[in-house]
Amino acid sequence: MMRIHAELQGVTRVYPATPTHSAVHALGPVDLALGRGEFFSVVGPSGCGKSTLLEVLAGLAQPTAGSITFESATIQGAVPDGVGVVFQDDASFPWLNVRENVAFGLKRARLPAAEVRERVEYALSFMGLDDFALAYPAQLSGGMRQRVCIARTLVTQPRLILLDEPFGALDQQTRLLMGDELLRVWRETGATVLLITHALDEAAMLSDRVGVMSARPGRIIEVVKTGWSRDRDSRLASDAQFGNITSRLWRVLREESLKGLGRTGTPPRKQETI
Amino acid sequence: MSRVTWVRLAVVAGALAALEAACRSGLISPHTLVPPSVMLATAAKLLQSGEITADLLRTLRNVLAAFVTAVAGGFFIGVVLHAAPPLRRVAYPFLASYYAIPVFALYPALIVVFGMGDLPIIVIGFLFAVVAMIINTLDGLDRIPRVLLKTARVMRMGPVATALRIKLPSAAPHLFTGTKLAVAYSFIGVIAAEFILSGAGLGYAISYAYNNFNTARMYALMLLVITLVIAVNLAFYTWEQRLLRRRNLR
């Protein structure tokens, strides 16, 4: 039986009306339980509230209704200890070099210098950043900067890693390789991972389970279990099951994406079998 | 040195040589302009004799006072306006049209309020510089990427740590631009105010030489002022380039 690590129960998020906009029901109600050490991905149409879901779970946004727990404690308006977040946008600090960026959180936690050095060196080596330790973010590619952000999150040894489309700005080849690295991180740290992505292949390849969200207000309308072993990588792309999972995700998501665009779905030309 | 620097130096040297030749040949009257070599020799003599040391120090002290108060005050006002959007909306038209106001026209009022000492001069320098700092502080704070502020929250940083460790370094390039402009505006404000308000300082010394038809002294002092301002700005420019190169913004 799955040991629950983080859980959302009846979570909704409504952005209140402003003088220029009416109220927006962005999310929910969402019920979701993440198992300890699980890799869970969320896919959904654009604007369905995927990022809102992540922000609420991280404690960066308050839910309008419902409750969120992490390690049995309720999350209320602040990011709890043990949670790390990697954003889609470049969040590296441009005024610090790579090593200083990675060490930033540890120095704030006032860990002994020797431990900071050891953890930072390990993270730099793990993410393939040794040769760029003294470079500034502006001197790196988008993929390398995202690695810096992942390394900065990893050194704090989070038990729950939340990733909001972290590879969204990268080319397909780099995405696949970064996906492999993410799987390696997940395996070695034993952390629970929630990945928000719009790439179905990425979700199908990386996850233990994939949650498909409806058009706004986003609800989880289907959860697909992939059945992959922990020891997996991007070579799964040539597995027949990978195609089946991706097709199934798309079948559910297509209707929701059309709804998101304000159009109704058309019947498939041929019934797909999973 | 790069090729561009050589070309730049050649242009300046060429212009000075042409000016020297025009003055020496009588094409330009010595009552209008003295040759650059005479300006330089007179400036060196003035510095060596210590004749203008008191004026120079007084001007520098006034510029420093105007600059420091403008940077500190401008930064503070910028932070307050950024934190209070309704206040900012009220202040916006004043900030947008501020440099249309001829600050020097206020000098009689400033004398009435602050007396005849250095204070009205410093106030003019301050008034000239402060808004550049306010505008650049607002620009810098507006342009802090939201993702960095979210990162600060993920790292569970409080408001003070976020301000000092995230907002300040992130806004630094804009704050630097404001500081650089504040230096230039402080110099302009103080020296121009000394022309009309003061009995001492470099501005007054230039005005005195002009009124006494001492053309060589007047140009020598102008050369000194220009050299001083360029040197200070060059120091800031070099510092800024180093900062921006690190962030790949230059």
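One can find the structure itself at the top, above this paragraph.
Bear in mind that the values here come from a model prediction, so they are computed numbers and not experimental data.

Trainee: Just to check I follow, could you spell out the side chain of Ser41 of chain A for this structure?
Mentor: Turning to its location among the elements, Ser41 of chain A is positioned in strand 3 (residues 39-43). Non-local contacts of Ser41 of chain A, meaning those with residues more than four positions away in its chain, are made with Leu195, Ala203, Ser207, Arg209, Val210 and Gly211 of chain A.

Trainee: I would appreciate a short explanation of the packing of aromatic side chains in the present structure.
Mentor: Within a pair of aromatic rings, the relevant descriptors are the distance that separates the centres and the angle that separates the planes. Counting across every chain of the model gives 14 aromatic pairs over all chains. Ring geometry for Tyr99 of chain B versus Phe128 of chain B: centroids 6.5 Å apart, planes at 90°, classification edge-to-face. Placement of Tyr99 of chain B in the loop between helix 4 (85-97) and helix 5 (107-114) and of Phe128 of chain B in helix 6 (residues 119-142) is noted, with a sequence separation of 29 residues between them. Pairwise contacts between aromatic rings join Tyr98, Tyr99, Phe104, Phe128 and Tyr185 of chain B into one cluster. One residue, Arg152 of chain A, lies across the ring of Phe93 of chain A, its end atom 4.3 Å from the ring centre. The ring of Trp186 of chain A carries Arg230 of chain A above its face, with NZ or CZ at 4.1 Å from the centroid.

Trainee: Would you mind showing me how to read the environment of Leu129 of chain A here?
Mentor: Residue and element names in this part refer to chain A. Mapped onto the elements of the fold, Leu129 is located in the loop between helix 3 (113-126) and helix 4 (142-154). What makes Leu129 buried here is its relative accessible area of 0%. It is 9.0 Å that separates the C-alpha atoms of Leu129 and Ala151, two residues lying 22 residues apart in sequence. Those residues in contact with Leu129, other than ones at most four positions away along the chain, are Val98, Leu124, Met144, Arg147, Val148 and Ala151.

Trainee: Even after reading the chapter, I still don't get the pairing of strand 4 (residues 65-70) of chain A, so can you show me in this structure?
Mentor: Regular strands show a simple pattern: their side chains alternate between the two faces of the sheet. Residue and element names in this part refer to chain A. Where strand 1 (residues 4-15) and strand 4 come together, five bridges link them in antiparallel fashion. Of the residues in strand 4, the one forming a bridge with Thr12 is Ala65. Pairing of strand 4 with strand 5 (residues 73-74) involves two bridges; the strand directions are antiparallel. Looking at the pairing, Thr69 lines up with Thr74 of strand 5. Hairpin geometry of strand 4 and strand 5 is characterised by an intervening segment of two residues between the two adjacent antiparallel strands and by a positive phi of about 50° at Glu71.

Trainee: Can you help me understand the sheet that holds strand 3 of chain A in this one?
Mentor: Remark on secondary structure: sheet strands pair via backbone hydrogen bonds, oriented parallel or antiparallel. Residues and elements named next belong to chain A. Strand order in the open sheet formed by six strands is 6-7-8-3-9-10, with mixed pairing between adjacent strands. Unpaired on one side and paired on the other, strand 6 (83-86) and strand 10 (220-225) mark the two borders of the sheet. When the angles between neighbouring strand axes are averaged without regard to direction, this sheet yields 15°. Judged from the five bridges that link them, strand 7 (residues 160-164) and strand 8 (residues 192-196) form a sheet pairing that is parallel. Bridged to Leu162 within strand 8 is Leu194. Along the sheet, helix 1 (residues 50-58) contacts strand 3, strand 6, strand 7, strand 8 and strand 9 (209-213); its crossing angle with strand 7, the most-contacted strand, is approximately 155°.

Trainee: Explain the sheet that holds strand 2 (residues 24-35) of chain A to me, please; I cannot follow it from the model alone.
Mentor: Residues and elements named next belong to chain A. The four strands lie next to each other as 2-1-4-5, forming an open sheet whose pairing is antiparallel. Every other strand in the sheet has two partners, leaving strand 2 and strand 5 as the edge strands with one partner each. In this fold helix 1 packs onto strand 1, strand 2 and strand 4, with an angle of close to 120° to the strand it touches most, strand 1.

Trainee: It is not clear to me how a nonpolar patch on the surface should be interpreted in this structure. Could you clarify?
Mentor: All names here are of chain B. A cluster of nonpolar side chains, namely Phe75, Val79, Val160, Leu164 and Leu168, defines an oily patch on the protein surface of about 410 Å² accessible area. Those elements that place two or more of their residues in the nonpolar patch are helix 3 (53-83) and helix 8 (159-197). With three residues, helix 8 is the largest single contributor of residues to the nonpolar patch. Locating Val160 in the fold gives a position in helix 8.

Trainee: Where do I start with the pattern of salt bridges in this structure?
Mentor: Here the idea is simple: oppositely charged side chains can pair when their charged atoms come close. Tallied over the full model, the rule gives 19 salt bridges over all chains. Across the salt bridge formed by Arg119 of chain A and Glu115 of chain A, the nearest N and O atoms sit 2.9 Å from each other. Within this pair, Arg119 of chain A and its partner Glu115 of chain A are both found in helix 3, separated by four residues, close to a single helical turn. A relative accessible area of 18% places Arg119 of chain A in the buried class. You can call Glu115 of chain A partly exposed: its relative accessible area is 31%. The residue Arg217 of chain B makes a salt bridge to Glu51 of chain B at a minimum N-O spacing of 2.8 Å. Within this pair, whereas Arg217 of chain B is found in helix 10 (residues 215-246), its partner Glu51 of chain B is found in the loop between helix 2 (36-49) and helix 3, the two being separated by 166 residues in sequence.

Rules used throughout
- Sequence positions are assigned chain by chain, starting from 1 and proceeding in written order.
- To label them, take the chains in the order written and letter them from A, then take the ligands in the order written and number them from 1.
- Under the rules for a predicted model, residues below a pLDDT of 70 receive no local features and side-chain atom pairs below 80 are neither given nor counted, while totals for whole chains, interfaces and linings still include all residues.
- Here the side-chain values reflect all heavy atoms present in the structure, with hydrogen atoms and water set aside.
- Here a helix means four or more residues in a row that DSSP labels H or I, a strand means two or more in a row labelled E, and each is numbered from the N terminus.
- Every residue pair with non-hydrogen atoms within 4.5 Å of one another is taken to be in contact.
- Stacked, tilted and edge-to-face are the three classes assigned to paired rings of Phe, Tyr and Trp, where Trp is represented by its six-membered ring and a pair needs centres within 6.5 Å; plane angles under 30 degrees give stacked, over 60 edge-to-face, the rest tilted.
- Comment: the charge-over-ring label is applied if NZ (Lys) or CZ (Arg) is within 6 Å of the ring centre and within 35 degrees of the ring normal.
- The buried label goes to any residue with under 20% of its type's maximum accessible area, the exposed label to any with over 50%, and the partly exposed label to all in between, with areas taken from a 1.4 Å probe on protein chains only.
- Whether two strands pair depends on DSSP finding at least two bridges between them.
- Helix axes are fitted only over the stretch in contact, all axes being lines through C-alpha atoms; the angle between N-to-C directions runs from 0 to 180 degrees.
- Candidates for patches are residues over 30% relative accessible area with no salt bridge; among them, like charges are joined within 9 Å and nonpolar side chains (Val, Leu, Ile, Met, Phe, Trp, Tyr) within 5 Å.
- Where accessible areas are quoted, they stem from the Shrake-Rupley method and a 1.4 Å probe; at the residue level, only the protein chains shown are allowed to cover.
- Basic side-chain nitrogens of Lys or Arg form a salt bridge, by our definition, when they fall within 4 Å of a carboxyl oxygen of Asp or Glu.

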